[in-house]
Amino acid sequence: MNHHDAGTTADFAANLRFLCERQGSISTVCRKIGLNRQQFNKYLSGLHMPSPQNMSLIANFFGVSVAIMFSPPFEFRTLVEGNFFQVMEKLRESPEVTKFIETAIIGARSEGDDLVGVYDRYQYSSIYKGSILRSAYCIYRNNDFYQHYYIERFPSYDAPNKVDYVFKYYGFVFPVAGRVFSVDFERTQRNELTFGVFAPVQRSSKKFMFGITSGIAATMFRQPYSTKVALHHRGPGLIGRQQLETLTALDAKDPSIPKEALQFLGDGSDMIQIM
């Protein structure tokens, strides 16, 4: 794939600068990667693009794929600020997960490639009783891994047009035997771990995944729960600003919710909460 298919030279330069800022010293980065500082400065300014070999060295050093280096800066920062790539790098180095990676992740590449993209995520809210929460969910491939992240935005009780809470989750996606398993952690409040299992479903021209998710938080604000989740595929790429603007808690009769999602979710009476 041509690197420019995933973004622009300016995007790459901005993302590279952002990653270097997190390292604290460009000289240290160049020394560890083994690249000439003068040449590296040209990459940072967007004057030159790295050769394929140097591009791989840079991407591997920061623990990201080459394609993701060309993501729009806003989307790129959303991923990296979750500290997710560093977590993935530690897991890649762990001998305990090597066998699992080979069988469940690398062995399912073709199946997982059909799942990548952006989804609208629907579930009954554990906070706003009777309302359906629409969040943004994204599956993407980073080197040998399928990863995902999703973002929830909760409106204020007193002013529905204002956002009171934002939660960001980062995790793994494992396509196995026609099912999709996920595990993720909540980064913003650092207080919740969730698990899910989904089945891809094609309904006419629409692509969905239906399944269940469960989570346990460290505070009483969000009770442990298990509930149905519907994912509606909206297209390729990563989560953008336009999709974020649609995230909120909706009345169950809201016409913007796909009827297929409503049929699967039912009335929410089967949600389980541990009090």
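Anything mentioned here points back to the structure above.
Residues numbered from 1 in each chain as written. Predicted model: local features only at pLDDT ≥ 70, side-chain atom pairs only at ≥ 80, totals over all residues. Heavy atoms only, no water.

### Examining helix α2 (residues 26-33)
- Taken together, the buried positions of α2 are occupied by Val 29, Cys 30 and Ile 33. For α2, the buried positions fall inside an angular range of 95° around the axis, keeping them on one side. Exposed positions of α2 whose direction lies more than 90 degrees from the buried face are Arg 31 and Lys 32.
- Along its buried surface, α2 packs onto α1 (9-23), α3 (37-45) and α4 (52-62). (Buried < 20%, exposed > 50% of the residue type's maximum accessible area, 1.4 Å probe, protein only. Helix = DSSP H or I, 4+ residues; strand = E, 2+ residues; numbered from the N terminus. Arc of directions from axis to C-beta. Contact = heavy atoms within 4.5 Å.)

### Description of the environment of Gln 23
- Structurally, Gln 23 is set in helix α1.
- For Gln 23, a relative accessible area of 39% corresponds to the partly exposed category.
- Placed 39 residues apart in sequence, Gln 23 and Phe 62 show a C-alpha to C-alpha distance of 9.6 Å.
- Leaving out residues up to four positions away in the same chain, Gln 23 has contacts with Val 29, Phe 61 and Phe 62.

### Observations regarding the side chain of Thr 213
- Secondary-structure assignment places Thr 213 in strand β7 (residues 206-217).
- Among the polar contacts made by the side chain of Thr 213, one reaches the main-chain carbonyl oxygen of Phe 195 at a distance of 3.0 Å.
- For Thr 213, the contacting residues outside a window of four places in its chain are Arg 121, Gln 123, Thr 194, Phe 195, Gly 196, Tyr 225, Ser 226, Thr 227 and Val 229. (Polar contact = N/O pair within 3.5 Å; in protein donor to acceptor, adjacent residues only side chain to side chain.)

### Brief notes about the packing of α2 against α4
- Where α2 contacts α4, the two axes come as close as 10 Å, and the packing angle between them is 110°. By the criterion of interaxial angle, the relationship of α2 to α4 is roughly perpendicular. Considering only the axes of α2 and α4, their crossing is right-handed. When α2 is examined against α4, the residues Val 29, Lys 32 and Ile 33 are found in contact with a partner set consisting of Leu 57, Ile 58, Phe 61 and Phe 62.
- The class makeup of the residues in the contact of α2 with α4 is six nonpolar, no polar and one charged. (Axes fitted to C-alpha atoms, helices over the stretch in contact; angles between N-to-C directions. Parallel < 35°, antiparallel > 145°, perpendicular 65-115°, else oblique. Left-handed = near helix turned anticlockwise from the far one by under 90°. Nonpolar A, V, L, I, M, F, W, Y, C, P; charged D, E, K, R; others polar.)

### With respect to the pairing of strand β1 (residues 117-124)
- Most of β1 is tucked away: eight of the eight residues are buried.
- Two strands pair when backbone bridges link them, and β1 and strand β2 (residues 131-142) are joined in this way by eight bridges, in the antiparallel orientation. Looking across to β2, one finds that Val 118 is bridged to Cys 138.
- Here β1 hands over to β2 after six residues, with Gly 130 in that stretch at a positive phi of 85°. (Pairing = 2+ DSSP bridges.)

### So, the packing of aromatic side chains
- If you walk through the whole model with that rule in mind, you get 16 aromatic pairs.
- With a centroid separation of 5.8 Å and 15° between ring planes, the pair formed by Tyr 128 and Phe 154 is classed as stacked. With a gap of 26 residues between them, Tyr 128 in the loop between β1 and β2 and Phe 154 in strand β3 (residues 145-155) connect regions that are remote in the sequence.
- Judged by relative accessible area, Tyr 128 falls into the buried class, the value being 8%.
- Geometrically, the ring pair formed by Tyr 170 and Phe 185 is tilted, given 6.4 Å between the ring centres and 35° between the ring planes. (Phe/Tyr/Trp six-rings, centres within 6.5 Å; stacked < 30°, edge-to-face > 60°.)

### Re the nonpolar core
- Leu 16, Phe 40, Ile 58, Met 69 and Tyr 149 are the most contacted members of the largest nonpolar core, which totals 35 residues.
- Here this core takes five residues from α1, the largest share from any one element.
- With near-sequence residues (within four places) excluded, Leu 16 lies in contact with Phe 40, Tyr 43, Leu 44, Ile 58, Phe 62 and Met 69.
- Core analysis: the next-biggest nonpolar cluster, separate from the first, contains 19 residues, Leu 115, Tyr 150, Phe 167 and Met 209 among them. (Core = buried A, V, L, I, M, F, W, Y, C linked by side-chain atoms within 4.5 Å.)

### Regarding the pattern of salt bridges
- As enumerated under the stated definition, the model contains three salt bridges in all.
- A salt bridge links Asp 120 to Arg 234, with the shortest nitrogen-to-oxygen separation between them at 2.6 Å. Within this pair, whereas Asp 120 is found in strand β1, its partner Arg 234 is found in strand β8 (residues 225-235), the two being separated by 114 residues in sequence.
- On the basis of relative accessible area, Asp 120 is assigned to the buried category, the value being 4%.
- Residue classification places Arg 234 among the exposed positions, given a relative accessible area of 53%.
- Linking Lys 206 and Glu 260 is a salt bridge whose minimum nitrogen-to-oxygen distance equals 3.7 Å. Here Lys 206 is found in strand β7, whereas its partner Glu 260 is found in helix α10 (residues 259-265), with 54 residues between them in sequence.
- A residue is classified by how much of its surface remains accessible, and Glu 260, at 7% relative accessible area, is buried. (Salt bridge = Lys/Arg side-chain N within 4 Å of Asp/Glu carboxyl O.)

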